[in-house]
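Residues per chain, in single letters:
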Amino acid sequence: VDLYVSTEARQSCSALVSAATARTGIEAMLRSALEGFCKPGVAKGCMLISSAAKCARGNEEVEAYARSVRLRSPEALKHRLKRAVEEGELPPSTDTGKIASFYSTVAQGLGLRSGDGVSKTDMMAVIDSAMAAWDVLSKTSRTGRSGRR
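About the thresholds
Residues numbered from 1 in each chain as written. Predicted model: local features only at pLDDT ≥ 70, side-chain atom pairs only at ≥ 80, totals over all residues. Heavy atoms only, no water. Phe/Tyr/Trp six-rings, centres within 6.5 Å; stacked < 30°, edge-to-face > 60°. Helix = DSSP H or I, 4+ residues; strand = E, 2+ residues; numbered from the N terminus. Buried < 20%, exposed > 50% of the residue type's maximum accessible area, 1.4 Å probe, protein only. Expected span 1.5 Å × (residues − 1). Salt bridge = Lys/Arg side-chain N within 4 Å of Asp/Glu carboxyl O. Axes fitted to C-alpha atoms, helices over the stretch in contact; angles between N-to-C directions. Parallel < 35°, antiparallel > 145°, perpendicular 65-115°, else oblique. Left-handed = near helix turned anticlockwise from the far one by under 90°. Contact = heavy atoms within 4.5 Å. Nonpolar A, V, L, I, M, F, W, Y, C, P; charged D, E, K, R; others polar. Core = buried A, V, L, I, M, F, W, Y, C linked by side-chain atoms within 4.5 Å.

(A) Examining the packing of aromatic side chains more closely. As enumerated under the stated definition, the model contains two aromatic pairs in all. Aromatic side chains F102 and Y103 sit 4.8 Å apart centroid to centroid with 85° between the ring planes, which places their arrangement in the edge-to-face category. With a centroid separation of 6.1 Å and 40° between ring planes, the pair formed by Y103 and W134 is classed as tilted. Of this pair, Y103 sits in helix 6 (residues 96–115) while W134 sits in helix 8 (residues 134–143), and the two are 31 residues apart along the sequence. No difference in accessibility class separates Y103 from W134, as the two residues are buried. Among the aromatic residues, those joined into a ring-pair cluster are F102, Y103 and W134.

Put into structure tokens, the structure is as follows:
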């Protein structure tokens, strides 16, 4: 698990952290992750995500560890979003946890669906849609409204 995170996930994490803005970083992270999920010659999808459904009996410790890594994934996003607040890109009222949770769920969904054989083209369209939600998510954070009735 640690080797997978330090090799396969490294490029996506670097894309998130090194981008000039949080929005650009999140989009770059998602696109980079998808490239890895669809890499020719290797298993499709994300090992951490697929391990949730495919972990064999007797490997409960491995399963628990992989789950703990998956549950930490929103933290990197939240950290980048907090940096965006500190740098003035996003207002102090931004609900960084909500936005991090949303994009983490998108990333994990990409890993799952790619592993199921959904085309890269279809997954790129998912990323486009998720990034279209950025303005709504950040606006909702600024106004404090959830948009629910």
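(B) Examining helix 3 (residues 22–37) more closely. Here helix 3 spans 22 Å end to end across 16 residues, near enough to the 22 Å set by a 1.5 Å rise per residue. For helix 3, the complete set of buried residues consists of A22, G25, I26, M29, L30, S32, A33, L34 and F37.

(C) Here's a closer look at the pattern of salt bridges. Considering all chains together, one arrives at five salt bridges under this definition. Close ionic contact of E87 with R83 constitutes a salt bridge, the shortest N to O distance being 3.2 Å.

(D) Here's a closer look at the packing of helix 3 against helix 7 (residues 120–132). Their axes nearest at 11 Å, the elements helix 3 and helix 7 cross at an angle of 165°. As judged from the angle between their axes, helix 3 and helix 7 are roughly antiparallel. Helix 7 is crossed by helix 3, and the crossing has right-handed handedness. From helix 3, R23, I26, E27, L30, R31, L34 and E35 reach across to helix 7, where they touch K120, M123, M124, I127, D128 and M131. A per-class count over the contact of helix 3 with helix 7 returns seven nonpolar, no polar and six charged.

(E) Structural detail: the environment of T96. The residue T96 is located in helix 6 in this model. In this structure T96 comes out as buried when scored by relative accessible area, which is 9%. Taking the C-alpha atoms as reference points, T96 and L77, separated by 19 residues in sequence, lie 8.3 Å from one another. Residue contacts for T96: discarding those within four places in its chain leaves K78, L81, K82 and V85.

(F) Structural detail: the environment of V85. With respect to the helices and strands, V85 occurs in helix 5 (residues 60–86). Judged by its relative accessible area of 21%, V85 falls in the partly exposed class. Expressed as a C-alpha distance, the spacing of V85 and A22, which sit 63 residues apart in the sequence, is 9.4 Å. Apart from residues lying up to four places away in sequence, V85 is in contact with L90, P91, P92, T94 and T96.

(G) A look at the nonpolar core. I26, L30, L77, L81, Y103, L110 and W134 are the most contacted members of the largest nonpolar core, which totals 27 residues. Going through the elements one at a time, helix 3, helix 5, helix 6, helix 7 and helix 8 are the ones with two or more residues in this core. At seven residues, helix 3 tops the list of elements feeding residues into this core. Leave out the neighbours within four places in its chain, and W134 touches A22, R23, I26, L81, E89, L90, I99 and Y103.

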